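# Observations on chain architecture
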Amino acid sequence: MVTSLSGAQIRQTFLDFYAGKGHKILPSASLVPEDPTVLLTIAGMLPFKPIFLGQREAEVPRATTSQKCIRTNDIENVGKTARHHTYFEMLGNFSFGDYFKAEAIAWAWELSTEVFQLPPERLIASVFVEDEEAFAIWRDKIGIPEHRIQRMGAEDNFWTSGPTGPCGPCSELYYDFYPEKGDQKIDLEDDTRFIEYYNLVFMEYNRDSEGNLTPLKHKNIDTGMGLERMAQILQGVPNNYETDLIFPIIETAAQLAGINYKNAKEQIKTSLKVIGDHVRSVVQMIADGITASNIGRGYVLRRLIRRVVRHGQLIGIEGAFITQVAAAAIATLESAYPEVRERETTIKAELEREEAQFLTTLNRGEKLLAEMMAKKPKQISGEDAFTLYDTHGFPLELTQEIAAEQGLTVDEAGFAVEMEKQRDRARNAHETIDLTVQSTLDQLAEQIHPTAFLGYTDFSATAEVVALLVDGEAVDQASAGTTVQIALDRTPFYAESGGQIGDRGYLNGKKAVVRIEDVHKESDIFIHYGRIERGTLKTGERLTAQIDLACRRQVQAHHTATHLLQAALKNIVDESIGQAGSLVAFDRLRFDFNYAKPITAEQIEAIETQINTWIAEAHATETTVMPIAEAKAKGAVAMFGEKYGAQVRVMDVPGVSMELCGGTHVRNTAEIGLFKIVSEVGIAAGVRRIEAIAGPAVLDYLNLRDAVVRELSDRFKAKPEELPERITHLQTELKTSQKQLEALKAELALVKSEQLLSQAVAMGAVKVLVAQLESVDPESLKTAAERLLQKLGEGAVVLGSVPEPGKVSLVAAFSPAVIKTGLQAGKFVGAIAKQCGGGGGGRPNLAQAGGRDPSKLADALAIAHKQLIANLS
């Protein structure tokens, strides 16, 4: 009998088991990875990639984690299979050059059979076909019969990081749901019977460019157990969705739709499963600081939210609902991820905005589909259907339903082709972990030691040139005028990190002088970007590295001011405000934060006053290195998505602000001088941005403002304090004059139009008038058309004009008698406008259009006249 455990119990049991085996329990990394080759954290091992590559030393020899992950490459399978998800948790144990196969296999078996109490007779092991060592361990030490150890090929059981790099065989554990079927003809591809729940990767080789395998000096273990899969096994449910990790969300959605899940049709169940899965994804993504957009991970978030809303509509949920299912997801996740509860307000606000925006998008999609069908195609093309689906979020099912009402079909095969193209793009772009993306700098990192950073205390230091690059290629020397990248053994230059830009300064050698414009860090190697101003620079040369002290003081003032700004925002606006990005430069600071509403002018003033008060109070700052657990216990603020080691640097302004920060800061707030907010704007849904200046930059800003005010005072012959009233008066005068001008133009257009009545052509009971008026604006042209139709009685009026160079204005006004013939002003004038390179439309009785080619206006009006005569005769 399998022991039933909750998802939370399974997670904790796994972590506790490996903690008992000497593993350090580490928190889940953010879904926003350090690795630039992927959009999101897609595997449990991703946070340890630099360690496996040898780019970073492991802080512990053994670690265990429950890592939140998101993958969307198989998004169309979510809800349709028992185990596909976009969001999942990967339980893992890792060894960094410590234990290897024997221990990993033995502990995996012990955890499975003794702790989780899975019956041994229900377990199958797989090994790489050439891995005799793993086969022997399973058979001889664990005691699994040979026929229950399946040998698999490289496609299934050999893990690679890419064409070259670390790699090794895998061994997997499968659970058998139907052991009564016997074990003589085992087919692990039968996912109705078997489920792979534990994967052990033995990273023991390095593959070179010719495909040769050589043993790694330090062999590593990387394992993964799917939490949702183990929950399915231990809770005895038919799929991952009906576990306690997801089913409470599904039940909430079902209740909102008035549905009983167990009695629902499979199509309804699929939509409920999609909602249950995707809501977990979007809650965790927003909690990690991701906001919806049309690019990158923001697009992934937006797409998932829209799929939730779409599937809610498919099962009959009316109106907004996503925050209600999000509340259920937060309740299931908060015990392991308390940040989802802490950021609940932000999460729900983001979801509300996106849901409302998408509902509007759906309305727009219906209009676009109507336009497609108005062209009377034989069927809706797959490309058009996919554009509606992917660009406008319009469901294929809805496209098919509406098309069917008009007697049309949708090219499903063409739609499938477009969908597969998108999947290929997704897989190729973001859904693999590439451990081989190494530039020359990465290769140098294997040959030289990390740079010793001295810049917290020293602003000048003697250093040795350990690497010299020109255009990304390593060289032995470079001469004056050459742009270079330089690695030193030690440096006082700060490398761009945590939003703070790199230092500027000089490298002074006996035979060379190099101006340094920027510094970046690659695998703990500080790369100094600059230009040789004099002499020749060689590798191995010793020189003096000197930072620009004026620039350093300015950036320090801006960095400490950024900390004060965050503290003031929390105090004055909302305690839950969290940083979403920053820039700390020499001349300004930029601070992005999660907040749904604009900051008011009163709040801006209060923030400035509070910060300048803290500056005037001359608070001494303190920086301390301590264990991360101690820092968090003291209340230090950490930034979402930032990766921290076991030891962290804490920047403290006692009684004001305490943050984890590796940047450079003033020793006393009085050194900042002054602080001034320059702007506050929204940059994305739920994200605001403040730009501000501090120190000497404030004086430059005030001098510029003073010069502008002086010039305006001279021009308007007014004192500075009188300028607002003077400008308001001028604006009022200008508006009055504009209204008078518009009225005169309209009167002139009417006068001109009166002269056109004699040109009307009688077609029985109706009259047709098509004419051009010179230099009449669109509004006046419309007024003239309405007046002419009124004078004509029953008829059709089409007027055109060129109100300004490169612009055409058209208007059509039709009486009821004309409309009864089948003519509609909107469609008619829209077609005529195309002759002038434009378009437009409107109501059947009155419509306006525009164009970009005035030279074609006469021809367009001639066509309009001809068509009206033909249709009304």
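Our subject is the structure listed above.
Rules behind the numbers
- Residues numbered from 1 in each chain as written.
- Predicted model: local features only at pLDDT ≥ 70, side-chain atom pairs only at ≥ 80, totals over all residues.
- Heavy atoms only, no water.
- Helix = DSSP H or I, 4+ residues; strand = E, 2+ residues; numbered from the N terminus.
- Buried < 20%, exposed > 50% of the residue type's maximum accessible area, 1.4 Å probe, protein only.
- Contact = heavy atoms within 4.5 Å.
- Areas by Shrake-Rupley, 256 points an atom, 1.4 Å probe, with all protein chains shown as cover.
- Core = buried A, V, L, I, M, F, W, Y, C linked by side-chain atoms within 4.5 Å.
- Pairing = 2+ DSSP bridges.
- Axes fitted to C-alpha atoms, helices over the stretch in contact; angles between N-to-C directions.
- Polar contact = N/O pair within 3.5 Å; in protein donor to acceptor, adjacent residues only side chain to side chain.
- Salt bridge = Lys/Arg side-chain N within 4 Å of Asp/Glu carboxyl O.
- Parallel < 35°, antiparallel > 145°, perpendicular 65-115°, else oblique.
- Left-handed = near helix turned anticlockwise from the far one by under 90°.
- Nonpolar A, V, L, I, M, F, W, Y, C, P; charged D, E, K, R; others polar.
- Disulfide = S-S within 2.5 Å.
- Phe/Tyr/Trp six-rings, centres within 6.5 Å; stacked < 30°, edge-to-face > 60°.
- Lys NZ or Arg CZ within 6 Å of the ring centre and 35° of its normal.

## A short note on the overall build of the protein
Each helix and strand in the protein was counted, giving 25 helices and 34 strands. Taking all 873 residues of the protein together, 49% fall into the buried category. Partitioning the intrachain contacts of the protein with sequence separation of at least 6 by distance along the chain shows that 68% fall at a separation of at least 24. A total of about 40,300 Å² of accessible surface is found on the protein, and carbon and sulfur atoms cover 49% of it.

## Focus on the nonpolar core
By size, the foremost hydrophobic cluster in this structure holds 89 residues, and its most contacted members are Trp138, Tyr197 and Tyr198. With nine residues, helix 8 (residues 266–287) is the largest single contributor of residues to this core. Setting aside residues up to four positions removed in sequence, tyrosine 198 forms contacts with Phe14, Tyr18, Asn93, Ala108, Leu111, Ser112, Ser171, Glu172, Leu173, Thr223, Gly224 and Met225. Ranked by size, the runner-up nonpolar core spans 30 residues in total, among them Ala561, Ala567, Phe591 and Ile677.

## Looking at the sheet that holds strand 22 (residues 579–584)
Taken together, the four strands give an open sheet; going across it, the order is 22-23-28-27, and neighbouring strands pair in antiparallel fashion. The open sheet is flanked by strand 22 and strand 27 (675–684), the only strands paired with a single partner. Each neighbouring strand pair of the sheet contributes to a mean axis angle of 15°, computed without reference to strand direction. Note: strand 22 against strand 23 (residues 589–594), five bridges, orientation antiparallel. Bridged to glycine 581 within strand 23 is aspartate 592. Each of strand 22, strand 23, strand 27 and strand 28 (687–694) touches helix 17 (residues 549–572); the most contacted strand, strand 23, lies at about 25° to it.

## Remarks on the side chain of glutamate 344
The topology assignment puts glutamate 344 in helix 12 (residues 344–374). Given a relative accessible area of 17%, glutamate 344 falls into the buried group. Side-chain polar atoms of glutamate 344 contact the side chain of lysine 348, separated by 2.9 Å.

## Observations regarding the pattern of salt bridges
Counted under the stated rule, the structure contains 33 salt bridges. For aspartate 503, the salt bridge goes to arginine 552, with nearest N and O atoms at 2.7 Å. With aspartate 503 in the loop between strand 17 (490–491) and strand 18 (505–508) and arginine 552 in helix 17, this residue pair connects regions lying 49 residues apart in the sequence. A relative accessible area of 1% places aspartate 503 in the buried class. Take arginine 552: its relative accessible area is 2%, and that puts it in the buried class. Note that lysine 782 and glutamate 779 form a salt bridge whose closest N and O atoms lie 3.7 Å from each other. Placement of the pair is lysine 782 and glutamate 779 together in helix 22 (residues 778–792), with a separation of three residues, close to one helical turn.

## Quick word on the packing of helix 1 (residues 7–19) against helix 3 (residues 101–115)
The description of two helices packed together rests on the angle between their axes and the distance between the axes. Here helix 1 crosses helix 3 at 130°, and the two axes come no closer than 11 Å. Regarding the angle of helix 1 to helix 3, the classification is oblique. Relative to helix 3, helix 1 is oriented so that their crossing is right-handed. Only Trp107, Ala108, Glu110, Leu111 and Val115 of helix 3 make contact with helix 1, whose side of the interface consists of Thr13, Phe14, Phe17 and Tyr18. Along the lines of polarity and charge, the residues of the contact of helix 1 with helix 3 split into seven nonpolar, one polar and one charged.

## Considerations on the sheet that holds strand 26 (residues 657–660)
The strand order across the open sheet built from three strands is 24-25-26, with neighbouring strands paired in antiparallel fashion. Looking at strand neighbours, the two that pair on one side only are strand 24 (622–627) and strand 26, the edges of this open sheet. Strand-to-strand, the axes of this sheet are offset by a mean angle of 25°, without reference to chain direction. Along the sheet, helix 17 contacts strand 25 (647–653) and strand 26; its crossing angle with strand 26, the most-contacted strand, is approximately 115°.

## Looking at the state of the cysteines
For the coordinates displayed, the defined rule picks out zero disulfides. Free of any disulfide, cysteine 170 has its nearest neighbouring cysteine sulfur in cysteine 167, separated by 10 Å. Judged by relative accessible area, cysteine 170 falls into the buried class, the value being 3%.

## Considerations on the packing of aromatic side chains
Counting across every chain of the model gives 21 aromatic pairs. Ring centres 6.0 Å apart and planes at 65° place the aromatic pair phenylalanine 100 and phenylalanine 202 in the edge-to-face group. Taken as a pair, phenylalanine 100 in the loop between strand 3 (87–96) and helix 3 and phenylalanine 202 in strand 8 (residues 194–207) lie far apart in primary sequence, 102 residues in all. A residue is classified by how much of its surface remains accessible, and phenylalanine 100, at 14% relative accessible area, is buried. Between phenylalanine 453 and phenylalanine 526, the aromatic rings sit 5.6 Å apart at their centres with planes inclined by 20°, giving stacked as the arrangement. On the criterion of sequence distance, the pair formed by phenylalanine 453 in strand 12 (residues 452–453) and phenylalanine 526 in strand 20 (residues 525–538) is long-range, its members being 73 residues apart. For phenylalanine 453, a relative accessible area of 23% gives the class partly exposed. An aromatic cluster is present here, built from Phe14, Phe17, Tyr18, Tyr197 and Tyr198 joined pairwise through their rings. Above the ring of tyrosine 178, the side-chain terminus of lysine 181 is found at 5.0 Å from the ring centroid. Here the guanidinium or amino end of lysine 269 rests over the ring plane of tyrosine 261, the centre of that ring lying 5.1 Å away.

## A look at the side chain of serine 171
For serine 171, the location among the structural elements is in strand 7 (residues 165–176). Residue class for serine 171 comes out buried when judged on its relative accessible area of 0%. A polar side-chain atom of serine 171 sits 2.8 Å from the main-chain carbonyl oxygen of serine 126. Residues within four places of serine 171 in sequence aside, it is in contact with Ser126, Val127, Trp138, Asn157, Tyr198, Asn199, Leu200 and Phe202.

## Examining the packing of helix 8 against helix 12
Contact geometry of helix 8 with helix 12 gives a least axis separation of 9 Å together with a crossing angle of 120°. On the basis of their axis angle, the class for helix 8 and helix 12 is oblique. Regarding helix 8 and helix 12, the two cross each other, and that crossing is right-handed. Facing Val282, Val283, Ile286 and Ala287 of helix 8, the residues of helix 12 in contact are Thr346, Ile347, Glu350 and Leu351.

## Some remarks on the pairing of strand 22
The two faces of a sheet get side chains in turn, since along a regular strand they alternate between them. In terms of burial, strand 22 is a largely internal element, five of the six residues being buried. The hairpin turn running from strand 22 into strand 23, its antiparallel successor, is four residues long.

## Details of the environment of glycine 540
Take glycine 540: it is sitting in the loop between strand 20 and strand 21 (542–547). The spacing of glycine 540 and alanine 463 is 77 residues in sequence and 9.6 Å in space, taken between C-alpha atoms.

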